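Listed below, chain by chain, are the residues.
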Amino acid sequence: MLCVCLLAVAACATPTRQSSSFDALLAQPYVLDSGDALRVTVFEQPSLSETYTVDVAGFISMPLIGDVPARGLTPDELDTSITVALRDGFLRNPDVSVEVATYRPFFVLGEVGQAGQFPYVAGMTVRSAIAIAGGFTARAARRTVDVSRTINGEVVSGRLRMNDAVRPGDTITVRERWF
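Residues numbered from 1 in each chain as written. Predicted model: local features only at pLDDT ≥ 70, side-chain atom pairs only at ≥ 80, totals over all residues. Heavy atoms only, no water.

**Brief notes about the overall build of the protein**
Right, so step 1: The helix and strand inventory of the protein stands at four helices and ten strands.
Right, so step 2: A sequence separation of at least 24 residues applies to 53% of the contacts in the protein between residues at least 6 apart.
Right, so step 3: Accessible surface computed for the protein: about 10300 Å², of which carbon and sulfur atoms make up 56%. (Helix = DSSP H or I, 4+ residues; strand = E, 2+ residues; numbered from the N terminus. Contact = heavy atoms within 4.5 Å. Areas by Shrake-Rupley, 256 points an atom, 1.4 Å probe, with all protein chains shown as cover.)

Here it is, written out as structure tokens:
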């Protein structure tokens, strides 16, 4: 009976992860969502060139063309969408560039010094995200964390190790350790 209990506890401590969907996301181009601030530059049009934030509904609002859908698009796809909209009756040959000025925040919950929302920095790992959130508490499980991430419009959860990459919009949950 003791052996069965020890095997059950060991199985719970073994890190699991959904690496296929999580790792595949890292190889894909960045997809825009609410909270991203975008630097849109329209060559020789200073009144159109500024920073726009993707709103809760997933749109940016630009002069002349109004609301432009941004959620689910890459910056290059949004660039093309804005170019087409401006070409349709406003500018003869618009030259548009879209880049992410500020990524949407990520969230850290659970056994950390200060749970909350934090600004994302490119190249961030789970370890650096936890450090930003005040580090581990004394009761924290320190080998892996649970992460919820939106992939193709669907929220997927998995378990990541400390050196794995964090994406904008991720929710990291640091679990309480058993012993």
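**Points about the sheet that holds strand 2 (residues 50-53)**
Right, so step 1: One open sheet accounts for three strands, arranged 2-1-5; its pairing is antiparallel. The strands lining the two open edges of the sheet, one partner per strand, are strand 2 and strand 5 (96-102). If you compare each strand with its neighbour and ignore which way they point, the axes differ by 30° on average.
Right, so step 2: Of the pairings in the sheet, the one linking strand 1 (residues 37-42) to strand 5 comprises six bridges and is antiparallel in character. Paired with Val-40 across the strands is Val-98, a residue of strand 5.
Right, so step 3: Strands strand 1 and strand 5 of the sheet are contacted by helix 3 (residues 75-87), whose axis makes an angle of about 135° with strand 5. (Pairing = 2+ DSSP bridges. Axes fitted to C-alpha atoms, helices over the stretch in contact; angles between N-to-C directions.)

**Comments concerning the sheet that holds strand 9 (residues 154-161)**
Right, so step 1: Here we have five strands laid out as an open sheet, ordered 7-6-10-8-9, and mixed in their pairing. The sheet is open, and its two borders are formed by strand 7 (116-118) and strand 9, each paired with just one other strand. Here the average twist between neighbouring strands, direction ignored, is 25°.

**Details of the nonpolar core**
Right, so step 1: Judged by nonpolar contacts, the single largest core of 20 residues is most densely connected at Leu-38, Val-40, Ile-60, Leu-78, Ile-82 and Leu-86.
Right, so step 2: For this core, the elements supplying multiple residues, two or more each, are strand 1, strand 3 (59-62), helix 3 and strand 5.
Right, so step 3: Leaving out residues up to four positions away in the same chain, Val-40 has contacts with Leu-48, Ser-49, Glu-50, Tyr-52, Ile-60, Met-62, Ile-82, Val-96, Ser-97 and Val-98.
Right, so step 4: In terms of nonpolar packing, the next biggest core, distinct from the first, is built from 18 residues, Tyr-120, Ala-133, Leu-160 and Ile-172 among them. (Core = buried A, V, L, I, M, F, W, Y, C linked by side-chain atoms within 4.5 Å. Buried < 20%, exposed > 50% of the residue type's maximum accessible area, 1.4 Å probe, protein only.)

**Comments concerning helix 3**
Right, so step 1: Across its 13 residues, helix 3 extends 18 Å between first and last C-alpha, which sits within 8% of the 18 Å expected from 1.5 Å per residue.
Right, so step 2: Burial in helix 3 covers these residues: Pro-75, Leu-78, Asp-79, Ile-82, Thr-83 and Leu-86. Mapping the buried residues of helix 3 onto a view down its axis gives an arc of 140°, with all of them on the same face.
Right, so step 3: Summarising the contacts, the buried residues of helix 3 are in contact with strand 1, strand 3, strand 4 (66-69) and strand 5.
Right, so step 4: Backbone geometry just downstream of helix 3 places Gly-89 in the positive-phi region, at approximately 100°. (Expected span 1.5 Å × (residues − 1). Arc of directions from axis to C-beta.)

**Considerations on the packing of aromatic side chains**
Right, so step 1: Per the counting criterion, the structure on display carries three aromatic pairs.
Right, so step 2: Seen from their ring centres, Tyr-30 and Tyr-103 are 5.0 Å apart, and the 90° between their planes marks the pair as edge-to-face. Here the residue Tyr-30 occupies a position in the loop between helix 2 (19-27) and strand 1, and Tyr-103 occupies one in the loop between strand 5 and strand 6 (106-110), the gap between them amounting to 73 residues.
Right, so step 3: With a centroid separation of 5.9 Å and 35° between ring planes, the pair formed by Phe-106 and Phe-118 is classed as tilted. One end of the pair, Phe-106, is in strand 6; the other, Phe-118, is in strand 7, with twelve residues separating them in the sequence.
Right, so step 4: Classification of Phe-106 by relative accessible area gives buried; the value is 0%.
Right, so step 5: Taken together, the aromatic side chains of Tyr-30, Tyr-103 and Tyr-120 make up a single cluster linked through ring pairs. (Phe/Tyr/Trp six-rings, centres within 6.5 Å; stacked < 30°, edge-to-face > 60°.)

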